[in-house]
Amino acid sequence: MNGMRNMDSVVAELQSARERGAGAIEAAQLARDLLQNGFGVISFVAAFGKAFGIPLSVLQRAQAWQGFGWGGIAISDEEFEKILSPWFASK
């Protein structure tokens, strides 16, 4: 499977999860599980941007979530959910 088809299937899975009521944290964990070794800042931004239409400026802040463990200044679960809530609330 080529990279684009793989990302397209990840996007579809993320959209489906949101339709079932998944929040931002659950969707982020799903993206990590689906992308496995390919998961990182760029793939997170690409997947969430394409799946949910979240602006890059929002995703740049969200990628600092402590749950990713990428180091640096981290944001809490609560802030991660709050930042992304406009794209997950009532969808």
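Residues numbered from 1 in each chain as written. Predicted model: local features only at pLDDT ≥ 70, side-chain atom pairs only at ≥ 80, totals over all residues. Heavy atoms only, no water.

1. Notes on the pattern of salt bridges
Inspection of every chain in the model, using the stated rule, returns two salt bridges. In this structure, the salt-bridge partner of Lys50 is Asp8, at a minimum N-O distance of 2.4 Å. Of the two residues, Lys50 sits in helix α3 (residues 41-52) while Asp8 sits in helix α1 (residues 3-19), which places them 42 residues apart along the sequence. Among the residues examined, Asp8 registers a relative accessible area of 33% and is labelled partly exposed. (Salt bridge = Lys/Arg side-chain N within 4 Å of Asp/Glu carboxyl O. Helix = DSSP H or I, 4+ residues; strand = E, 2+ residues; numbered from the N terminus. Buried < 20%, exposed > 50% of the residue type's maximum accessible area, 1.4 Å probe, protein only.)

2. Things to note about the confidence of the model for the protein chain
Taken residue by residue, the protein chain gives an average pLDDT of 91. The fraction at 70 or more is 92%. By mean pLDDT, α1 is the weakest element of the protein chain at 88, and helix α5 (residues 77-84) is the strongest at 97. (pLDDT = per-residue confidence, 0-100.)

3. Overview of α3
Across its twelve residues, α3 extends 16 Å between first and last C-alpha, which sits within 8% of the 16 Å expected from 1.5 Å per residue. Where α3 is concerned, the buried positions are Ser43, Phe44, Val45, Ala47, Phe48, Ala51 and Phe52. Where α3 terminates, the next one or two residues include Gly53, which has phi positive at roughly 70 degrees. (Expected span 1.5 Å × (residues − 1).)

4. Side note on the packing of aromatic side chains
Taken as a whole and judged by the stated rule, the model has twelve aromatic pairs. Arranged with centres 4.7 Å apart and planes meeting at 45 degrees, the rings of Phe44 and Phe48 form a pair that is tilted. One end of the pair is Phe44 and the other is Phe48, both in helix α3 and four residues apart, which spans about a single turn. By the burial criterion, Phe44 is buried, and Phe48 matches it. Through successive ring pairs, a cluster of aromatic residues spans Phe39, Phe44, Phe48, Phe52, Trp65, Phe68, Trp70, Phe80 and Phe88. (Phe/Tyr/Trp six-rings, centres within 6.5 Å; stacked < 30°, edge-to-face > 60°.)

5. What to know about unusual backbone geometry
A positive phi angle is found at Gln36, which is not glycine, with a value near 50 degrees. Residue class for Gln36 comes out exposed when judged on its relative accessible area of 60%.

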